[in-house]
Amino acid sequence: MSGGTILTALDEGELEELLSPLPSFRARQIFSWIYRNAASFDEMTDLPLSLRNELKTRFVLYGGLVRERLAGRDGVVKLLMEFSGGARAEAVLLRDGKDRFTACLSVQAGCPVGCVFCKTGSIGFLRNLEAHEITEQFLHLSREAPAPIENIVVMGMGEPLLNLAPLRKALALVTSGKGLSLRRVTVSTSGIPGGILDMAENGPKTRLAFSLTTAREDLRRLLMPGAGKFPLSEIKAALAVYQEKTGRRLTLETVLLGGINTGAPDAAALREFAEGLFVVVNVIPWNPVEGLCFEGTPLREPSPSEVEGFIRCLENGGLNVTRRYRKGRGVLGACGQLGTR
Ligand code: SF4
């Protein structure tokens, strides 16, 4: 046994190795307790007291702490987590009208992509999160949910495909620990072609959402500086490979910024980008974040007529369109609003 190991970082096999020469069923028991949301070794009541005491002295159950909890009237709970070195990330529990729960997880402390419309992008980048730091967000949110969490969206802070190996491990842990299917997981990327191809080849084969925002390449470079450097043709080719390998419909996300990307030319460019792909377009009216500007002008929410006009243009072109509901605004936990300096 080695000291200080964080147990939420380990799968059953790794736990077994760590706990050797204890019999393997002990590793199974501990793994199962972790995913039944045990908050401490004391809660693992089917382990002998002497073993619980030994575990306490040798290992750490969680590596991070919940620093702040905000609950909104719409059933949304936002947790601010703190990890080693002071790295902070936020995780959000969403509840829909049918009382189904979704966990929105972060993969980085900050984000290097720097999208101008996103609070996380405005705070810069501290570091990638480790696998257990992603897993722990899910476990803490599970404790908040009155029923099992049914879906995971990796749409919190950070670009998932710039931290793919830890994300892969975290999703493997959570899905095996909770018996969740990868079909219940959606990873949202700003469009990193190498990462999409890596996922296509090596998994995790989740649902994939691409944050397109605009298919006007020159505008996209300005709105999403760290992502706009990849040509849309290259991203589209990688998405086609992913679709081919998984047989899954892709989601194209577009955050609508009032007066910036809501016009007919924007809709036409999006339709052209979608040609040849099997997609649904998710339209997300921008959620306000104070202080964010584009070319010196404060960003604004799109008007209802801008949103409706944009959606109509897409639908007239034969695209399937959904509109993101605005959960979480009360706790600044909605899309694009996460980030604590
Ligand atoms: S929108 Fe996503 S990729 Fe862009 S800065 Fe925010 S977290 Fe990063």
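**Re the overall build of the chain**
Counting secondary structure elements, the chain contains 11 helices and 16 strands. Rg of the C-alpha trace for the chain: 21 Å, near the compact-globule value of 20 Å for 341 residues, within the 12% margin. With respect to the principal axes defined by its C-alpha atoms, the chain has extents near 70 × 40 × 35 Å. Every one of the 341 residues in the chain was classed for burial, and the buried ones make up 45%. Put simply, 68% of the contacts in the chain that link residues at least 6 apart link residues at least 24 apart.

**Looking at the packing of helix H10 (residues 264-274) against helix H11 (residues 304-316)**
Between two packed helices, what matters for the description is the angle formed by their axes and the separation of those axes. As a packed pair, H10 and H11 sit with axes 9 Å apart at the nearest point and diverge in direction by 35°. In terms of crossing hand, the pair formed by H10 and H11 is right-handed. Judged by residue contacts, Ala-264, Ala-267, Leu-270 and Arg-271 of H10 engage Phe-310, Cys-313 and Leu-314 from H11. Of the residues belonging to the contact of H10 with H11, the class tally is 6 nonpolar, no polar and 1 charged.

**Thoughts on the domain arrangement of the chain**
Segmentation of the chain into domains returns domain 1 (5-60) and domain 2 (65-331). Computed over C-alpha atoms, the centres of domain 1 and domain 2 are 34 Å apart. Counting residues at the interface gives 8 residues for domain 1, matched by 12 residues for domain 2. If you tally residues by element for the side of domain 1 that touches domain 2, the top one is helix H2 (residues 24-35), at 3 residues. Here the side of domain 1 that touches domain 2 is composed, by residue class, of 5 nonpolar, 2 polar and 1 charged.

**Looking at the nonpolar core**
Note on soluble globular proteins: their nonpolar side chains tend to be buried together. In this structure, Ala-91, Leu-93, Ala-103, Leu-105 and Leu-270 are the most contacted members of the largest nonpolar core, which totals 94 residues. Among the elements that take part in this core, helix H6 (residues 164-178) stands out by supplying 6 residues, more than any other. Counting residues domain by domain, this core receives three or more from each of domain 1 (5-60) and domain 2 (65-331). Apart from the residues lying within four places of it in its own chain, the contact partners of Leu-270 are Leu-212, Ala-215, Thr-254, Val-281 and Leu-314.

**Quick look at the site of the ligand**
All residues adjacent to the ligand are Cys-111, Val-113, Gly-114, Cys-115, Cys-118, Thr-120, Gly-121, Met-157, Gly-158, Glu-159 and Ser-190. Classifying every residue of the shell around the ligand by side-chain character gives 5 nonpolar, 5 polar and 1 charged.

**Quick word on the pairing of strand S12 (residues 250-256)**
Of all 7 residues in S12, 5 are buried; the element is thus mostly enclosed. In this structure, strand S11 (residues 207-211) lies alongside S12, joined through 3 bridges in parallel fashion. In the strand pairing of S12, Ala-209 is matched with Thr-251. Pairing of S12 with strand S13 (residues 279-285) involves 7 bridges; the strand directions are parallel. Looking across to S13, one finds that Thr-254 is bridged to Val-283. A crossover connection joins S12 to the parallel S13 through H10; in handedness this β-α-β unit is right-handed.

**Some points on helix H9 (residues 232-246)**
For H9, spanning 15 residues, the distance from its first C-alpha to its last is 21 Å, which sits close to the expected 21 Å at 1.5 Å a residue. Of all the positions in H9, only Ile-235, Lys-236, Ala-238 and Leu-239 are classed as buried. For H9, the buried positions fall inside an angular range of 160° around the axis, keeping them on one side. For H9, exposure combined with an orientation more than 90 degrees from the buried face picks out Ser-233 and Glu-244.

**Remarks on the sheet that holds strand S6 (residues 101-104)**
If you walk across this open sheet you meet the 10 strands as S3-S4-S5-S6-S9-S10-S11-S12-S13-S16, and the pairing is mixed. Because the sheet does not close on itself, it has two edges, and the strands there are strand S3 (65-71) and strand S16 (320-323). Neighbour-to-neighbour, the strand axes of this sheet turn through a mean angle of 25°, independent of strand direction. Summarising the sheet, S13 and S16 pair through 4 bridges and their orientation is parallel. Paired with Val-280 across the strands is Asn-320, a residue of S16. Helix-sheet contacts for H11 involve S12, S13 and S16, and the interaxial angle to S13 is about 170°.

**Some points on the environment of Leu-47**
As for its position among the elements, Leu-47 is in the loop between H2 and helix H3 (49-58). Note: C-alpha distance between Leu-47 and Ile-30 (17 residues apart in sequence) is 8.4 Å. The contact partners of Leu-47, leaving out residues within four places of it in the chain, are Gln-29 and Arg-52.

**With respect to the packing of helix H5 (residues 131-144) against H6**
It is the contact of H5 with H6, at a shortest axis distance of 8 Å, that shows an interaxial angle of 40°. When the interaxial angle is binned, H5 and H6 end up oblique. Once H5 is placed against H6, the crossing between them reads as right-handed. Residues Ala-131, Ile-134, Thr-135 and Phe-138 of H5 form the contact with H6, whose participating residues are Pro-166, Leu-167, Lys-169, Ala-170, Leu-173 and Val-174.

Rules behind the numbers
- Residues numbered from 1 in each chain as written.
- Predicted model: local features only at pLDDT ≥ 70, side-chain atom pairs only at ≥ 80, totals over all residues.
- Helix = DSSP H or I, 4+ residues; strand = E, 2+ residues; numbered from the N terminus.
- Rg over C-alpha atoms; globule rule 2.2 N^0.38 Å.
- Buried ≥ 20, exposed ≤ 12 C-beta atoms within 10 Å, placed from the backbone.
- Contact = placed C-beta atoms within 7 Å.
- Axes fitted to C-alpha atoms, helices over the stretch in contact; angles between N-to-C directions.
- Left-handed = near helix turned anticlockwise from the far one by under 90°.
- Nonpolar A, V, L, I, M, F, W, Y, C, P; charged D, E, K, R; others polar.
- Domains from an automatic or database assignment.
- Core = buried A, V, L, I, M, F, W, Y, C linked by C-beta atoms within 7 Å.
- Near = placed C-beta within 6 Å.
- Pairing = 2+ DSSP bridges.
- Right-handed = clockwise from strand over helix to strand, strands pointing away.
- Expected span 1.5 Å × (residues − 1).
- Arc of directions from axis to C-beta.
- Parallel < 35°, antiparallel > 145°, perpendicular 65-115°, else oblique.

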